[in-house]
Amino acid sequence: MATKKPDAILTFGYEALDRKGQKIKGEITGTNIALAKAQLRKQGFNVQKISKKSSFSFGKPKGKISPMDVAIFTRQLATMMKAGVPLVQSFEIVAEGLDNLAMRDVVMGIKTEVEGGGSFTTALRKYPLYFDELFCSLVESGEQSGALETMLDRVAEYKEKSELLKQKIKKAMKYPISVIFVAIIVTVILLLKVVPVFQELFSSFGANLPAFTMLIINMSKWLQANWFITLVIIMGIGGGFSEAKKRSKAFNNMLDRMALKAPIVGDLVYKSTVARFARTLATTFAAGVPLVDALVSCAGATGNVVYRDAVMKIKDEVSSGQQLGFSMRQSGIFPSMALQMVSIGEESGALDAMLDKVATHFENEVDNAVDGLTSMMEPLIMAVLGVLIGGLVVAMYLPIFQLGAVV
């Protein structure tokens, strides 16, 4: 049986009179204009004029919804509900405080669905791009147990720590990549624009140039003759890489395996993957999700095919009666500290608490690794800049130095 496609959430602009007879203007979301009018009447407004707003606006752009926007929404909603504010009213308060207009529309769409009698989980599942299955499952568990505000608090903490971990890794990678990229651009400009000027100067010397200088001049000539082909090849490689990453599962699996074995960033990837596994399992297990189902969620949350496959194998072994700690040890990819903490947690009946400690430990390890990587990268970047830019400068001035020595 085909699943009915959910109605699109539209935005309507309206003019109305409030209970005091004062004229007001505003916006409201709904699946159709009749529902929007009904919502306004429920709020005590006498609608004078209402019309659908265009999705395109010359004003403030709606922007893209990031995982951090979802984390902020979850935290604010958890705070509202813990303060005793009803769910629907919490949506309104949170939406008004959001700077991202696209996220505001999503929140108001969820509010409309819940007001219409739907569950919070059903409303969230209408936005799979922003709320994954793990998020929806945890919220559903909170709704069914009657502890939604507690579960939202746990989900908020999970999302915040997960996104913070991702941002730390991006921070470690962004600085060296951006500096090296700028250095390559400067080198290309020097080869195309500066070196030819020195070449004309050297041609009047009537003497043999140093080998290093000739190498740079030949590189400049080749780049001047083939710059377009080189640009097309670079763009082709970049586009091919991007498409392969989007479409090829085997290519992504290969990248995941290479990331764990990379000489500089491999340790960082390893620790962050273990931290994600422990954080996800701690959150789902504490939410009352059965261990086998929690491991399925963890497999996708690890973000690495090596750990995803290993966790799915652990899940099969746990479902057949094996202890979690023993199965993790058999996989051979988890650190001894995590294995010992999990074993203690199973024996003491405090597995979620021990997993939380494991996650915190490895998140701190990622912090230290990022700081260490940044400190190590700085001299390495200086060396690369010295070779690229300094080498070109030395090559161009070397004939002048030799000429000065002869004179």
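Everything discussed here concerns the structure shown above.
All values derive from a computational prediction rather than experimental measurement.

Engineer: Help me understand the layout of surface pockets, please; the structure alone is not making it clear to me.
Structural biologist: A water-sized probe rolled over the atoms picks out the places where empty space is left. As a volume, the largest pocket reaches approximately 1300 Å³. Around the largest pocket sit 40 residues that line it, and Lys166, Ile169, Lys170, Arg276 and Gly303 are the ones nearest its centre. Of all the elements in the fold, those that place two or more residues in the lining of the largest pocket are helix H2 (67-82), helix H7 (148-203), helix H8 (211-247), helix H9 (249-261), helix H10 (266-286) and helix H11 (291-301). Top contributing element to the lining of the largest pocket by residue count: H7, with 9 residues. Class assignment for the residues of the lining of the largest pocket results in 21 nonpolar, 11 polar and 8 charged.

Engineer: Looking at this structure, I do not really get the pattern of salt bridges. What am I missing?
Structural biologist: Two side chains bearing opposite charge may form a pair once their charged atoms approach each other closely. Counted under the stated rule, the structure contains 14 salt bridges. Put simply, Asp153 and Arg75 hold a salt bridge, and the shortest N to O gap is 2.6 Å. With Asp153 in helix H7 and Arg75 in helix H2, this residue pair connects regions lying 78 residues apart in the sequence. Accessibility expressed as a relative area gives 23% for Asp153, which makes it partly exposed. Residues Glu243 and Arg247 are paired through a salt bridge, measuring 2.6 Å at the closest nitrogen-oxygen approach. In this pair, Glu243 and Arg247 both sit in helix H8, 4 residues apart, roughly one turn of the helix.

Engineer: Hey, could you run me through the side chain of Lys159 in this one?
Structural biologist: If you trace the backbone, Lys159 turns up in helix H7. Residue contacts for Lys159: discarding those within four places in its chain leaves Pro67, Val70, Ala71 and Phe135.

Engineer: I keep staring at the nonpolar core and nothing clicks. Help me out?
Structural biologist: Within soluble globular proteins, side chains that are nonpolar tend to cluster in buried spots. Residues Ile110, Phe120, Phe131 and Leu324 are the most contacted members of the largest nonpolar core, which totals 76 residues. Ranked by residue count, the leading element in this core is helix H15 (residues 351-406), at 12 residues. If sequence neighbours within four positions are ignored, Phe120 has contacts with Phe73, Leu77, Leu87, Phe91, Ile110, Val114, Val139, Glu143, Leu148 and Leu152. Of all hydrophobic cores here, the second largest spans 10 residues; its members include Leu191, Ile217, Leu223 and Met396.

Engineer: Sorry, what's going on with the packing of aromatic side chains here?
Structural biologist: Note on aromatic pairs: each is described by the distance of the centres and the angle between the planes. Scanning the entire structure with this criterion turns up 8 aromatic pairs. Here the aromatic rings of Trp227 and Phe228 are separated by 5.8 Å at their centres, their planes lie at 85°, and the arrangement is edge-to-face. Taking the centre distance of 4.9 Å and the plane angle of 45° together, the rings of Phe277 and Phe334 count as tilted. Of this pair, Phe277 sits in helix H10 while Phe334 sits in the loop between helix H13 (324-331) and helix H14 (336-348); the two residues are 57 residues apart in sequence, bridging distant segments of the chain. Each member of the pair, Phe277 together with Phe334, is buried. Through a chain of ring-to-ring contacts, the aromatic side chains of Phe73, Phe131 and Phe135 assemble into a single cluster.

Engineer: How should a nonpolar patch on the surface be read in this particular structure?
Structural biologist: Together, Trp227, Phe228, Ile229, Leu231, Val232, Ile233, Met235 and Ile237 give the surface a local cluster of nonpolar side chains, amounting to about 850 Å² of exposed area. Position of Trp227 among the secondary structure elements: in helix H8. The exposure class assigned to Trp227 is partly exposed, which follows from its relative accessible area of 47%.

Engineer: Quick question: what am I supposed to make of the packing of H2 against H7 here?
Structural biologist: Geometrically, a packed helix pair is captured by the angle between its two axes and the distance between the axes. Interaxial distance between H2 and H7 falls to 8 Å at its minimum, and their mutual angle equals 155°. Relative to H7, the element H2 is oriented roughly antiparallel. Like other packed secondary-structure pairs, H2 and H7 cross with a definite hand, here left-handed. Residues Pro67, Met68, Val70, Ala71, Thr74, Arg75, Leu77, Ala78, Met81 and Lys82 of H2 form the contact with H7, whose own contacting residues are Leu148, Glu149, Leu152, Asp153, Val155, Ala156, Glu157, Lys159, Glu160, Glu163 and Gln167.

Cut-offs applied
Residues numbered from 1 in each chain as written. Predicted model: local features only at pLDDT ≥ 70, side-chain atom pairs only at ≥ 80, totals over all residues. Heavy atoms only, no water. 1 Å grid on protein atoms, 1.4 Å probe; cavity = no way out; pocket = protein on both sides within 12 Å on 5 of 7 lines; lining within 4 Å. Points joined across faces, edges and corners; volume = space filled by probe spheres on them. Helix = DSSP H or I, 4+ residues; strand = E, 2+ residues; numbered from the N terminus. Nonpolar A, V, L, I, M, F, W, Y, C, P; charged D, E, K, R; others polar. Salt bridge = Lys/Arg side-chain N within 4 Å of Asp/Glu carboxyl O. Buried < 20%, exposed > 50% of the residue type's maximum accessible area, 1.4 Å probe, protein only. Contact = heavy atoms within 4.5 Å. Core = buried A, V, L, I, M, F, W, Y, C linked by side-chain atoms within 4.5 Å. Phe/Tyr/Trp six-rings, centres within 6.5 Å; stacked < 30°, edge-to-face > 60°. Patch = residues over 30% accessible without salt bridge, like charges linked within 9 Å, V, L, I, M, F, W, Y side chains within 5 Å. Areas by Shrake-Rupley, 256 points an atom, 1.4 Å probe, with all protein chains shown as cover. Axes fitted to C-alpha atoms, helices over the stretch in contact; angles between N-to-C directions. Parallel < 35°, antiparallel > 145°, perpendicular 65-115°, else oblique. Left-handed = near helix turned anticlockwise from the far one by under 90°.

That is the geometry; function is a separate question.
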